[in-house]
Amino acid sequence: MIRAVVFDLGQVLASPPNLYVDAADRLGVSAADYEANYWADRPAYDDGASDAEYWGPLLRTLGLTPTDDDIAEMARLDSELWIQVRPEAHALLRDTRAAGRTVAVLSNAPHAIAAAAEHSAWRADIDRLFISAPMGVSKPEPACFRQVQHELGLDADQIAFIDDRQPNVDGALAVGWHAHLWADDADTRTWLQELGVLQ
């Protein structure tokens, strides 16, 4: 029996349509240039690098001279964009919890997003929040999934997991979780119904 459902955050729950445009407008650069450089050092940021270590080089690459205020503002804006969970996805969180399952979010994300998520509108509708930077380990490392499993206090086959990246799905499957590659909210609901989590 599935006792916990673990959702990724980015794409699975939140897909900010203005992720690049809003930030580029704030900086006065093109959205295309911003997007082209956004992901270059993101893994290190998700692994715990500081705001300055990520945003400083990114802003300099865009031809800007970063100040402490600029870095703080970009970290805040980026975090606010990433925690905007879609209404349909929020309903999935509530419905899964109402079905008597533990609901968790597991995301590769920096400290800034971890802090913002703790104060988000949907935080009250989940039981546990796991973010890679504070955890010190990220998906798809086996240690990441095992740490979550340990803290949930469950056997591997009691956990269902949804992620939009195949390597993360494969990592969860490798440690014995049930795992599914995200397509859209309707597909997630169908999968949870197939598992007997939702009606």
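Scroll up to find the structure this text is about.
Criteria and thresholds
- Residues numbered from 1 in each chain as written.
- Predicted model: local features only at pLDDT ≥ 70, side-chain atom pairs only at ≥ 80, totals over all residues.
- Heavy atoms only, no water.
- Salt bridge = Lys/Arg side-chain N within 4 Å of Asp/Glu carboxyl O.
- Helix = DSSP H or I, 4+ residues; strand = E, 2+ residues; numbered from the N terminus.
- Buried < 20%, exposed > 50% of the residue type's maximum accessible area, 1.4 Å probe, protein only.
- Contact = heavy atoms within 4.5 Å.
- Pairing = 2+ DSSP bridges.
- Right-handed = clockwise from strand over helix to strand, strands pointing away.

Take the pattern of salt bridges next. For side chains bearing opposite charge, pairing can occur when the charged atoms are close. Evaluated as defined, the whole model comprises 12 salt bridges. Across the pair arginine 26 and glutamate 73 runs a salt bridge, and its minimum N-O distance is 3.9 Å. Of this pair, arginine 26 sits in helix H1 (residues 19–27) while glutamate 73 sits in helix H5 (residues 68–82), placing them 47 residues apart in sequence. In this structure arginine 26 comes out as partly exposed when scored by relative accessible area, which is 36%.

A word on the side chain of glutamine 158. If you trace the backbone, glutamine 158 turns up in the loop between helix H9 (142–152) and strand E4 (159–163). In this view, glutamine 158 contacts Met1, Ile2, Arg3 and Ala4; residues no more than four positions away in its chain are not counted.

Here we take up the pairing of E4. Of all 5 residues making up E4, 5 are buried, and the element is well covered by its neighbours. Burial of E4 is two-sided: the residues Ile159, Phe161 and Asp163 facing one way and the residues Ala160 and Ile162 facing the other way are all buried. With 4 bridges connecting them, E4 and strand E5 (residues 178–181) associate as parallel partners. Looking at the pairing, phenylalanine 161 lines up with alanine 179 of E5. Where the polypeptide runs from E4 across helix H10 (residues 166–174) and back to E5, its parallel neighbour, the crossover connection is right-handed.

Just geometry here; none of it tells us what the structure is for.
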